[in-house]
Structure formats: C-alpha cells, structure tokens
Number of protein chains: 2
Amino acid sequence: MSELPEWLNEFPELATIDDPAWTRAIENSSTVVLPPDYEVFHEGDACKNYIFVLDGATRVYKLFESGREMVLYRLGRGETCSLTTSVLLAGGLYPANAVTEAETRAVLIPAREFHEVFNSSTIFRDYVCRVFGGRIRDMIMLLEAVTMRNVNIRLARWLLNNRSPENTVEVSHRELAFELGTAREVISRHLREFEKTSWVRLSRKNIELIDNQSLSDLVSGAR
Amino acid sequence: MSELPEWLNEFPELATIDDPAWTRAIENSSTVVLPPDYEVFHEGDACKNYIFVLDGATRVYKLFESGREMVLYRLGRGETCSLTTSVLLAGGLYPANAVTEAETRAVLIPAREFHEVFNSSTIFRDYVCRVFGGRIRDMIMLLEAVTMRNVNIRLARWLLNNRSPENTVEVSHRELAFELGTAREVISRHLREFEKTSWVRLSRKNIELIDNQSLSDLVSGAR
DNA sequence: CATTGTTTGTAACTAAGTCACAAACAGGTA
DNA sequence: TACCTGTTTGTGACTTAGTTACAAACAATG
C-alpha cells in the first residue's frame, strides 16, 4: 500500500482498502482529462468503465422524446456517477447522456475490474452502494420539483444557489430552462418580472442579482 | 438444502443460493400477511427488514409538501422493494410511503441478516443490485411522464394498461389523479371528454372502455 | 329516511407551456 | 466597415394544466 495513486486523496474511504482486486483495479485504471463539452456517454451506450471524477464539472441529462432536455444531476470533485453504477450493476444500456461543462479529470476503472473489487471488497461495495442509494432520493426530490407548479420560486432558488461570488449567473435562458425542466419562454417571462421589480439586472448570457433578500423571501414563501 | 421454504418458488434465482448466511437469513425470516390498506412504511421510518413480496399489491408513493400525492411504483408477486434496498444499502430513512392495496403476503428478512447475505453471496448480491438498478430507469421514465404535458394521452394509456378482462377500470378520479401525478379535476375533465366521444362510459368508481381502438390511437399519436 | 362522508360535476381563474415570429447581439469574413 | 450567420432574447396569441370554491349525486350507516 505504499504507492497509492495521488487521486485517491479525493476518495479517502477508498484509500483504506487493502485488497488484491483493488490493487488490480488501480493498476488497470486510467486517468483522463476531458475537454469542455466532451460527450462522456450517450443514451443507448454500453458502459465500459466506472467513473471517479477528480475535478471539473459534468452534466448528466435526459433528452426526452418531446425534445425537452432535463438535467438529472451534476458531477464534481470527488463524486462518482450513479447512472454508471446503475448500468454496471443492473446491466443494460445508459438511459441518459453526460457531457462535460468544464475541463474534467477522471479516473476510469474498467467494468471487469470494477466487478471484481465490488465482489471482493466490503469497503468498496459499501461506498458504491451508498453513493448509488443516495441518488434515488435525489430523483424523488427532482420529481417533486418538476411537479411543483411555481417556476418563479424554483428559478429564484436556482439563481441564489448558483450565483458566482460577484453575485452574477452566467447562463442563457435556454440553459436555465433545461436546468429547471421547463420552456425557455417561461424563464424569460419570469426573469423579466424579476427585472421589473429590480431583483435582477439582465444582459446577454448574464444575470446580475441585485435584491437577494427579495429572491430569498420568494423562495421561503414570504411573498 | 433439502428444506427450502415454499416461498422461494417465487424467486427461482435465489433458490440456487448455497450459503450459510442465506440459510441463517431464511431461518430468521418471517412471513406476514398484511390486510388491505395496511401501512407498510412511512416517510421518515427507519428500515428494519428487506421485503420479498409473494403476492398481493402494494403501492409505493410520495406525499409532496404541496399535499399532492404521486405513485412511484407498485409491488406485486415476486418483487422486492427498491426503496427498501436503497435505505438498507445507503442508510438513512425511508423517503416515501407504502400501503397495501390488496391483502399482501410478504417475507421479511431482518436488516442484519440481509447485510450478511449481501456481503456473503454473489448470487444474492447480483439479484439485489439488478432489481435496484432497474428502478433508476423507472424513475427517469416517471420524470418523462410527469413533464409530458398531454394528460389525456397518459390517461388513455393508463386506462388501457390497467383495464380488467371485462374492459373496465374500477378506480375513482381522485386515485387516477394520484397515479398520474395531476389534479382530480383535470382527470374528470378528460374523462368527460372521452365520454362525450363515446370512448368510455362512466359511473361511480368505474370506467368502462368502449372504444379501445380510439384510445390506443390517441396514445400512439394517431389523432 | 336523515346523516355523513365520498365521489363527481362545474365554472371562473391563474400559471405553465407552445407557436410563430421579430429584434438584438456577437463573431467571423469579405 | 459592412455584411452574413447563428445565437440569444423579446413578444403576443393561444392551448393546456392546475387551483379554488363550490354544488350535486351517491353509498353506507344508524
């Protein structure tokens, strides 16, 4: 265990695994650096690797038959992809797509080695299952969000959660619509409302939050 | 292996397991018969048992903060509950509710024994993971259905899929609304439309399908 | 047959989502 | 610079879904 690869720093629990299958998995792993907008996997693809994300940002989204797109979740530093887990464990093909949003470093463990560690190491198995199990909860929350009618509240919440330190959000209305699972025009309408009341200032691909308090009040139901 | 319990007939794969932990799990299992409308678990409950459903019907649903109710999935003969799996594997508390709709026979394996077999038997583990993994796909499909705007199409599909051999559906409008994640009035409106065009005949808690072809055409987009 | 709770019908209203554009803008190229 | 092209945003008219607040019909029970 003296030559643990550096990337395991991001996954402290896994660093404690002492198992030959794990050693083999690490030996057969490969580190990749994916450029922005790289398509990690498509709906219908088979799954060849388990994925540890070291750094960067990747969007996992579903393209519905209606043409509407919906973000299921995002992967960042120290995370693993639940859909990949699902496909590896349950078989079948990817039911959604993933694309990098920023340059992303990741470690890939081939499916074969993944299964071996999964069967051999309790620690690894616990880790994989825990991450995976958490995602069902997330999906239920997503369901709740989507069935909730008030887009303005969800929009305000999203803006507050995703604002930069300078209190701005650099995103187009179209992208926001994907995030919230709604239509571009609906987003535009609400943003214009927010602008009328001076809660935000709008410019191309940029939203500047001005009155965070009011936005926050809206989210918490105070108005 | 000469004294396999009879209920394993419903789970043929599991009958092949030859593992002391599995034997122990079976020994410590209990068979229960739950009356209709029995509340199997609530949101916020801890999970004490893995559940094999032998027979009957159980509805797993989420009660949203808005007060709206939404059916996540149903359990029937030969199935196991994914949310239970999720909670057992990932920890935490039940994120939804379950209630029997008909008298339901089930076998309960205590959490402790479940974990032991899960760690010990590859066959058992594969089974659990496969069932579990499949549910994420279902949830994504549910998401798609909910974001799809045309309630009439989803309603027609539901009626066709759930009709009795006599071509009727015994269900109230309120229950249908829960199934499809919408409001009772919306269901009533569409059913009345269906009745106007003589696709169905309505009476209290009963919908008789008359023109399955037209309903089916609606589903497949032919009108 | 009166009471009670459930189921269904209805109308008026608000919000979301769609459609079909037009206008503004950014980046490259002649 | 002026032009072209693709993207982003604005807008209005329209359809559908969801909400609110009832009333009426019905089933079961005492």
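Let us look at the structure shown here. In this text the structure is predicted, and so the values were computed from the model without any measurement. (Residues numbered from 1 in each chain as written. Chains lettered and ligands numbered in written order. Predicted model: local features only at pLDDT ≥ 70, side-chain atom pairs only at ≥ 80, totals over all residues. Heavy atoms only, no water.)

From N to C terminus, chain A includes nine helices and eleven strands. In terms of its C-alpha atoms, chain A occupies a principal-axis envelope of roughly 65 × 35 × 30 Å. When each of the 223 residues of chain A is scored for burial, the buried share is 50%. The long-range share in chain A, meaning contacts at least 24 apart out of those at least 6 apart in sequence, stands at 68%. Accessible surface computed for chain A: about 10,800 Å², of which carbon and sulfur atoms make up 46%. In chain A, 26 positive and 32 negative side-chain charges are present, and the distance between their average locations comes to 8 Å. (Helix = DSSP H or I, 4+ residues; strand = E, 2+ residues; numbered from the N terminus. Buried < 20%, exposed > 50% of the residue type's maximum accessible area, 1.4 Å probe, protein only. Contact = heavy atoms within 4.5 Å. Areas by Shrake-Rupley, 256 points an atom, 1.4 Å probe, with all protein chains shown as cover. Lys, Arg positive; Asp, Glu negative; His and termini not counted. Charge placed at Lys NZ, Arg CZ, Asp CG, Glu CD.)

Another aspect to go through is the interface of chain B and chain A. Counting residues at the interface gives 33 residues for chain B and 32 residues for chain A. By the criterion of area lost to chain A, the three top residues of chain B are Ile136(B), Ile140(B) and Leu143(B), representing 21% of everything that side buries. Our count for the contact surface shared by chain B and chain A stands at zero salt bridges. Between chain B and chain A we count eight residue pairs in polar contact (both at pLDDT 80 or more) in total. Only β5 (69-75), α3 (82-90), α4 (111-120) and α5 (122-147) of chain B provide two or more residues apiece to the side of chain B that touches chain A. It is α5(B) that provides the largest number of residues to the side of chain B that touches chain A, a total of 17 residues. (Buried area = accessible area lost by both parts, 1.4 Å probe. Salt bridge = Lys/Arg side-chain N within 4 Å of Asp/Glu carboxyl O. Polar contact = N/O pair within 3.5 Å; in protein donor to acceptor, adjacent residues only side chain to side chain.)

Another point: the sheet that holds strand β2 (residues 39-41) of chain A. Residues and elements named next belong to chain A. Taken together, four strands build an open sheet; the order of strands is β2-β7-β4-β5 and the sheet is antiparallel. Of all the strands in the sheet, the pair left with one neighbour each is β2 and β5 (69-75). On average, each strand axis in the sheet is tilted by 30° relative to the strand beside it, whichever way the strands run. For β2 and strand β7 (residues 97-100), the ladder comprises two bridges, and the chain directions are antiparallel. Residue Phe41 lies in a different strand from β7, and its bridge partner there is Ala98. (Pairing = 2+ DSSP bridges. Axes fitted to C-alpha atoms, helices over the stretch in contact; angles between N-to-C directions.)

Once that is clear, we can look at the protein's contact with DNA strand D. As a structural note, the neighbourhood of DNA strand D is formed by 21 residues, with Lys205(A), Arg68(B), Val151(B), Thr182(B) and Arg189(B) the closest of them. Within 4 Å of the protein, the contacting atoms of DNA strand D are 56% sugar and phosphate, with bases supplying the remainder. Within the backbone of Val151(B), one N or O atom sits 2.7 Å away from a phosphate oxygen of DNA strand D. Arg189(B) has a polar side-chain atom sitting 2.7 Å from a base nitrogen of DNA strand D. Elements represented by at least two residues in the surface near DNA strand D include exactly α7 (173-180) and α8 (184-196) of chain A together with α8 (184-196) of chain B. Within the surface near DNA strand D, the residues separate by chemical class into three nonpolar, five polar and 13 charged. (Near = heavy atom within 4 Å. Nonpolar A, V, L, I, M, F, W, Y, C, P; charged D, E, K, R; others polar.)

This part takes up the relation of the copies chain B and chain A. The two copies are related by a screw motion: chain B maps onto chain A through a turn of 180° and a shift of 0.1 Å along the axis, at an RMSD of 0.1 Å. The relationship between the two copies is best expressed as a two-fold rotation axis. Residue Leu143(B), judged by its C-alpha, is the member of chain B lying nearest the rotation axis, at 3.1 Å. (Least-squares fit on C-alpha atoms with pLDDT ≥ 70 in both.)

Another aspect to go through is the packing of helix α2 (residues 20-28) of chain A against helix α4 (residues 111-120) of chain A. All names here are of chain A. Closest axis-to-axis distance for the α2/α4 pair is 8 Å, and the angle between their directions is 160°. In terms of orientation, α2 lies roughly antiparallel with respect to α4. The two elements α2 and α4 cross, and the hand of that crossing is left-handed. Along its contact with α2, which presents Ala21, Trp22, Arg24, Ala25 and Asn28, the element α4 presents Glu113, Glu116, Val117 and Ser120. Here the contact of α2 with α4 is built from residues that sort into four nonpolar, two polar and three charged. (Parallel < 35°, antiparallel > 145°, perpendicular 65-115°, else oblique. Left-handed = near helix turned anticlockwise from the far one by under 90°.)

Around DNA strand C, the surrounding shell holds 22 residues, and the nearest of these are Arg68(A), Arg149(A), Thr182(A), Arg189(A) and Lys205(B). Here DNA strand C approaches the protein such that, of its atoms within 4 Å, sugar and phosphate make up 58%. With respect to DNA strand C, the backbone of Val151(A) contributes an N or O atom lying 2.7 Å from a phosphate oxygen. Interatomic distance of 3.1 Å between a side-chain N/O atom of His190(A) and a phosphate oxygen of DNA strand C. Across the surface near DNA strand C, the residue classes break down as three nonpolar, six polar and 13 charged.

With that settled, consider the pairing of strand β8 (residues 104-110) of chain B. It is a general feature of regular strands that their side chains alternate between the two faces of the sheet. Residues and elements named next belong to chain B. Buried residues dominate β8, accounting for five of its seven residues. Bridge count for strand β1 (residues 30-34) against β8 is five bridges, and the pairing is antiparallel. Paired with Ser30 across the two strands is Leu108, which belongs to β8. Note that strand β3 (residues 49-55) and β8 share six bridges and pair antiparallel. The residue bridging Phe52 from the neighbouring strand is Val107, located in β8.

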